[in-house]
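Chain by chain, the residues run as shown.
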Amino acid sequence: MDYENKRTVILCSIMVVILVVFSIYRVSKVDFNYDYSLMPDIPQIKTPDIEEMMSGIDAQAIEKIISGEVNIEGLTSDELTSLVKKEKAGDYKEAVLNGQISIEYPSSWIRSESSVSVNHPDMDILLFAFSIDLEFPTTIVGAKLDLDNIEEAEDFMREISGEQGISMSVKSKDYIEDDILQFEAQYDYADGKVAISKERAIKIDGNYYLISVIALNTRVKGLENQINYIFESIKTI
């Protein structure tokens, strides 16, 4: 199959998935007890053209799928829709951690629906989502930690990173409140990559949580507004 035919097939497949997802959502909202005899005459509906339908699709993401740079095998329909949906300014979705913390992150990021495990008995991953970036995805992690006090959050992350061969150093920290510690750290990977993180440790009813956003050091500046929005959205429930 040549490139253009392959591209057409994939585009059509993606559109079918997206339309099916949207259709299921709309059907789920229908009130089947409604008295349809009261319905007004249905007006003539203009079918949107292909350009209008494709306006919300990320062409770059599709090109990466076509070229094989992004592997879509095993993705759910929701994950595939999120993958090819063009991100709009202010387009975020909410996640709730253990019924105690709510947080918003970009809706174009892919959230792992399967259980993400870390080989450590004192860490439970509650949220793991990442951007579409082949070199180094920007990642948000929400975890519940087994700590004795909030000050241990830094040392805990340093220990976890060290076990994976990553050197972690804290660059700055500040107590927003007595039970909320925020810090910025640098992660040096064995392959030479350097990542910068913004992290917040929170104590609620004796439980300790850590929310981290990690990005490649060369991309942090361009993501500053996005990262700040994520942290401003954090709320206790």
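Preceding block: the structure.
Remember, predicted model here, so these are calculated numbers, not experimental data.

Rules of the game
Residues numbered from 1 in each chain as written. Predicted model: local features only at pLDDT ≥ 70, side-chain atom pairs only at ≥ 80, totals over all residues. Heavy atoms only, no water. Helix = DSSP H or I, 4+ residues; strand = E, 2+ residues; numbered from the N terminus. Areas by Shrake-Rupley, 256 points an atom, 1.4 Å probe, with all protein chains shown as cover. Contact = heavy atoms within 4.5 Å. Expected span 1.5 Å × (residues − 1). Buried < 20%, exposed > 50% of the residue type's maximum accessible area, 1.4 Å probe, protein only. Arc of directions from axis to C-beta. Salt bridge = Lys/Arg side-chain N within 4 Å of Asp/Glu carboxyl O. Pairing = 2+ DSSP bridges. Axes fitted to C-alpha atoms, helices over the stretch in contact; angles between N-to-C directions. Core = buried A, V, L, I, M, F, W, Y, C linked by side-chain atoms within 4.5 Å.

> Can you help me understand the overall build of the protein in this one?
For the protein, the count of helices and strands is six helices and 10 strands. Counting only carbon and sulfur atoms, one obtains 50% of the accessible surface of the protein, whose full area is about 14500 Å².

> Got a minute to help me understand the environment of I150 in this structure?
With respect to the helices, strands and loops of the structure, I150 is situated in the loop between β5 (139-145) and α5 (152-163). Considering only alpha carbons, one finds I150 and I180, 30 residues apart in sequence, at a separation of 7.7 Å. Not counting chain neighbours up to four residues away, the residues in contact with I150 comprise Y175, D178, D179, I180, L181, A201, I202, K203 and Y208.

> Would you mind showing me how to read α5 here?
Helical periodicity: at 3.6 residues per turn, an α-helix aligns residues three or four positions apart in one direction. For α5, with 12 residues, the first-to-last C-alpha span of 17 Å sits near the 16 Å given by 1.5 Å per residue. Buried within α5 we find A153, E154, F156, M157, I160 and S161. Taken end-on, α5 shows its buried residues confined to a sector of 165 degrees, consistent with a single buried face. On its buried face, α5 is in contact with β4 (123-130), β5, β6 (167-177), β7 (180-188), β8 (194-204) and β9 (207-216). The first or second residue beyond α5 is G165, which carries a positive phi of 75 degrees.

> Honestly, the pattern of salt bridges in this entry has me stumped. Any pointers?
Once their charged atoms are close, side chains differing in charge can pair, the charge on each being opposite to the other. Counted under the stated rule, the structure contains four salt bridges. A salt bridge links E154 to K173; its shortest N-O distance comes to 3.1 Å. With E154 in helix α5 and K173 in strand β6, this residue pair connects regions lying 19 residues apart in the sequence. Its relative accessible area of 10% is what places E154 among the buried residues. Put simply, D191 and K193 hold a salt bridge, and the shortest N to O gap is 3.6 Å. Under the relative-accessibility criterion, D191 is labelled exposed at 56%. Exposure remark for K193: the relative accessible area of 27% places this residue in the partly exposed category.

> It is not clear to me how the sheet that holds strand β2 (residues 101-106) should be interpreted in this structure. Could you clarify?
Judged by pairing direction, the sheet is antiparallel, and its three strands sit side by side in the order β1-β2-β10 without closing on themselves. The sheet is open, and its two borders are formed by β1 (92-97) and β10 (235-236), each paired with just one other strand. The pairing of β2 with β10 spans two bridges and is antiparallel. By the bridge assignment, S102 is partnered in β10 with K235.

> I would appreciate a short explanation of the sheet that holds strand β3 (residues 110-111) in the present structure.
Paired through backbone hydrogen bonds, the strands of a sheet run either parallel or antiparallel to each other. Read from one edge to the other, the open sheet built from seven strands follows the order β3-β4-β5-β9-β8-β7-β6, with strand pairing classed as antiparallel. The sheet is open, and its two borders are formed by β3 and β6, each paired with just one other strand. Here β6 pairs with β7 via nine bridges, running antiparallel. From the neighbouring strand, S169 faces β7, where its bridge partner is Q186. Helix-sheet contacts for α5 involve β4, β5, β6, β7, β8 and β9, and the interaxial angle to β6 is about 155 degrees.

> Any chance you could explain unusual backbone geometry here in plain terms?
Glycine aside, residues mostly have negative phi, and peptide bonds are mostly found in the trans state. One non-glycine residue, N98, adopts positive backbone phi at about 55 degrees. When you line up the elements, N98 lands in the loop between β1 and β2. Looking at N98, the relative accessible area reads 43%, which means it is partly exposed. A positive phi angle is found at D205, which is not glycine, with a value near 50 degrees. In this structure, D205 sits in the loop between β8 and β9. Overall, the relative accessible area of 71% leaves D205 in the exposed class.

> What exactly am I supposed to notice about the nonpolar core here?
Formed by 24 residues in total, the largest nonpolar core has its most connected members in M123, L145, F156, M157, F183 and Y187. Counting residues per element, the ones that place at least two in this core are β4, β5, α5, β7, β8 and β9. Residues Y105, A129, I211 and V213 belong to the second largest nonpolar core, which totals 21 residues.

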